[in-house]
Amino acid sequence: MKFSSYLAAAAVMSGVQASPHPAPQQQLLGVPSTPSQLSYSQGGLDDIISDSPLLSLHRALVKIESISGDEHDVGVFVAEYLEARNFNVVKQEVPPVKGQEDTKTRYNIYAVPRSYTEPPSIILTSHIDTVPPFIPYSVHQPTADSTTLDPEDLILGGRGSVDAKGSVAAQIFATLETLDSNPEAKLGLLFVVGEEIGGDGMKVFSNSTLNTKDAFNTIIFGEPTEAALVAGHKGMLGFKVLAHGNAAHSGYPWLGKSAVSAILPALSRVDVLGDIPTEEGGLPASPKYGPTTLNIGVIRAGVATNVVPSEAWADVAVRLAAGTPAEAREIIQRAVEEAVKDQQAEVVLDFDSHGESYPPQDLDVDVDGFNVTTVNYGTDVPNLDVNPDVKRYLYGPGSIFVAHGDNEALTIRQIKEAVAGYKKLIEAALEREEKK
Ligand SMILES: [Zn+2]
């Protein structure tokens, strides 16, 4: 969807109070100027969704709260849905998120048609967890001043509507429709937990016997890409900067060692590593992904203004445009050592407590008829270990710009187009197999 449409949708939603035509049952709707011709009742909207199996599935998925760690219910729902449609479903247990040991069991859902005797070769995969907070499902009309109303423009909102339950619903329908016309197609569906918190679900799948990777030749990842094929995404590296000093009375700072004084030059240096050339000690850029960027997202230090701080630390996320995490670590290490060499308090880097690190991920874009783009967000792509000759695609409905926001939403048109897009990718994979 065009970004402007989302802005319009957001404006409609936030402008509800000021609507000149308040309609008690249509709190989230932009009410057109001639309601009798240009608007649906809430009942009418609900019927449009109920009449479509695809949109009904999407609605059911979004209605189930599934914030990372709490994916039991949505997993069971997806498993039953696919079992009822002639799939063998494996509910693969994934250990609980730390600190949430008392929540119900989380499952990756892996489904292949019952008729198969061999593992599938084409996998469609996405994630069933969402970021917080839960936002209820809604259907609403696009703008308050539209002169025509096409049901395809209706907006489906709620947490996960885009990221990634839009992809999940579209992948399921693309698979069902393909199998309908071509029961021989070797398709598998994999819906994982925990994508939003580092990919623990995909890692469990990847390391399990379900990852029959010698059989796989195409993996289609579903994430919001605005229906473009993604040529790749940046790599990732996280680290902590820690400074250890000695506390003292602030009136006699020379009696202590300030952890803050020591960490500041380190962080100032870290902060610009994406902007300076590699010859000057910076992190590499690439024509494909642009500059490497760093975000110092958290800083904590000290206990009171009259105490010389003995401890300080910061959390940093790096989005790598080129090179490997190991190369980046070396560059960062050297930069920080240089920046703090005159400091009294000790400054150290910790690359281990941030588990996730991977180089830029290059993906395939060799199917005609798609826009091609790159993205700055991370996905489960690096968490699934595949053979080097496997084709990997990243594609899905909706925009990343709304994915984690309060106005997360997509249109009916977008979700339907995504079914067609996934089918096209499946088709291309099948053709490749035939040629082998
Ligand atoms: Zn996602």
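Residues numbered from 1 in each chain as written. Predicted model: local features only at pLDDT ≥ 70, side-chain atom pairs only at ≥ 80, totals over all residues. Heavy atoms only, no water.

Some remarks on the sheet that holds strand β5 (residues 155-157)
To keep it simple, the criterion reads: Strand pairing follows a simple DSSP-based rule, namely that at least 2 bridges must link the two strands. In this description a helix means any DSSP run of H or I spanning at least four residues, a strand means any run of E spanning at least two, and both kinds are numbered starting from the N terminus. The axes are straight lines fitted to the C-alpha atoms, using for helices just the contacting stretch, and the angles between their N-to-C directions are given from 0 to 180°. Contacts: residue pairs with any heavy atoms within 4.5 Å of one another.
The strand order β4-β5-β17 describes an open sheet built from 3 strands, whose pairing is antiparallel. Only two strands of the sheet have a single partner each, and these edge strands are β4 (138-140) and β17 (409-411). Here the strands of the sheet are splayed against their neighbours by 25 degrees on average, with no regard to which way each runs. Pairing geometry for β5 and β17, over 3 bridges, is antiparallel. Looking at the pairing, G157 lines up with A409 of β17. Those strands touched by helix α11 (residues 412-435) are β5 and β17, and its axis lies near 75 degrees from that of β17.

What to know about the coordination of the zinc ion
As a reminder, the rule being used: For Na, K and Ca the donor cutoff is 3.2 Å, while for all other metals N, O and S atoms count as donors only within 2.8 Å; water does not appear among the atoms, so some sites may look incomplete. Note on exposure labels: buried denotes an accessible area under 20% of the residue type's maximum, exposed denotes more than 50%, and partly exposed covers the range between, all computed with a 1.4 Å probe on protein chains only.
Donor atoms from the polypeptide that bind the zinc ion are H127 (NE2), D163 (OD) and E223 (OE), placed at 1.9 to 2.1 Å. Summarised as a motif, the one-chain spacing of the donors to the zinc ion is H-x35-D-x59-E. Residue H127 is located in strand β3 (residues 122-127), and its partner E223 is located in the loop between β7 (218-222) and β8 (229-233); the two are separated by 96 residues in the primary sequence. Judged by relative accessible area, H127 falls into the buried class, the value being 1%. The class of E223 is buried, set by a relative accessible area of 5%.

Some words on the environment of V241
Within the element layout of this structure, V241 appears in strand β9 (residues 235-244). With 197 residues separating them along the chain, V241 and G44 place their C-alpha atoms 56 Å apart. V241 has contacts with I263, A266, L267, A312, W313, A314, V316, V347, V348 and L349, leaving out every residue within four places of it along the chain.

Observations regarding empty space enclosed by the protein
What counts is decided by this rule: Note on definitions: the grid is 1 Å and covers protein atoms alone; a cavity is a set of points where a 1.4 Å probe fits but cannot get out; a pocket is an open set with protein on both sides within 12 Å along at least five of seven lines; lining residues have an atom within 4 Å of a point. Grid points are joined across faces, edges and corners, and a volume is the space filled by probe spheres set on the points.
Applying the stated criterion across every chain, the model contains 1 cavity of 30 Å³ or more. There is about 50 Å³ of room inside the largest cavity. As for the largest cavity, its lining consists of T125, S126, H127, M202, F221, G222, E223, T379, D380 and L394. Elements supplying a minimum of two residues to the lining of the largest cavity: β3 and β7. If one sorts the elements of the lining of the largest cavity by residue count, β3 sits on top with 3 residues.

Here we look at the environment of T292
We apply this condition: Counted as a polar contact is a pair of N or O atoms within 3.5 Å, where, for protein atoms, one must be capable of donating a hydrogen and the other of accepting one, and residues adjacent in sequence contribute only when both atoms are in side chains.
Note on placement: T292 falls in the loop between α8 (259-271) and β10 (293-301). We classify T292 as buried; its relative accessible area is 2%. Taking the C-alpha atoms as reference points, T292 and A164, separated by 128 residues in sequence, lie 26 Å from one another. Non-local contacts of T292, meaning those with residues more than four positions away in its chain, are made with G274, L283, P284, A285, V318, R319, L320, A321 and A322. One polar contact links the side chain of T292 to the main-chain carbonyl oxygen of P284, over a distance of 2.5 Å.

A short note on unusual backbone geometry
Here the residue pair P132 and P133 is connected by a cis peptide bond, since its omega of -10 degrees sits within 30 degrees of zero. In this fold, P133 is placed in the loop between β3 and β4. A cis geometry characterises the amide bond from D163 onward to A164, with omega recorded as 5 degrees. Looking at where A164 falls in the secondary structure, it is placed in the loop between β5 and α6 (165-181). The residue N86 is not glycine, and still its phi comes out positive at about 70 degrees. Here N86 lies in the loop between α5 (72-83) and β1 (87-94). In this structure N86 comes out as exposed when scored by relative accessible area, which is 53%. A positive phi angle is found at A227, which is not glycine, with a value near 65 degrees. For A227, the position within the fold is in the loop between β7 and β8.

What to know about α11
Quick note on the threshold: To estimate the expected span of a helix, count its residues, drop one, and scale the result by 1.5 Å.
Between its terminal C-alpha atoms α11 stretches 36 Å, which fits the 34 Å expected from 24 residues at 1.5 Å a residue. Burial in α11 covers these residues: I412, Q414, I415, A418, V419, G421, Y422, L425, I426, A428, A429 and L430.

Description of the domain arrangement of the protein chain
Where we set the bar: These domain boundaries are the output of an automatic or database domain assignment. When two parts are put together, the accessible area they lose, computed with a 1.4 Å probe and summed over both, is reported as buried area. Counted as salt bridges are all cases of a side-chain nitrogen of Lys or Arg within 4 Å of a carboxyl oxygen of Asp or Glu.
Assigned domains within the protein chain: domain 1 (3-232 + 361-435) and domain 2 (235-357). Its C-alpha centre places domain 1 at a distance of 37 Å from the equivalent point of domain 2. Taking both partners together, domain 1 and domain 2 bury about 530 Å²; carbon and sulfur atoms supply 40% of that area. On the surface where domain 1 and domain 2 come into contact, there are 1 salt bridge. With its nearest N and O atoms 3.0 Å apart, the salt bridge here joins K288 to D362. Of all the secondary-structure elements, those providing two or more residues to the side of domain 1 that touches domain 2 are β8 and β14 (361-362).

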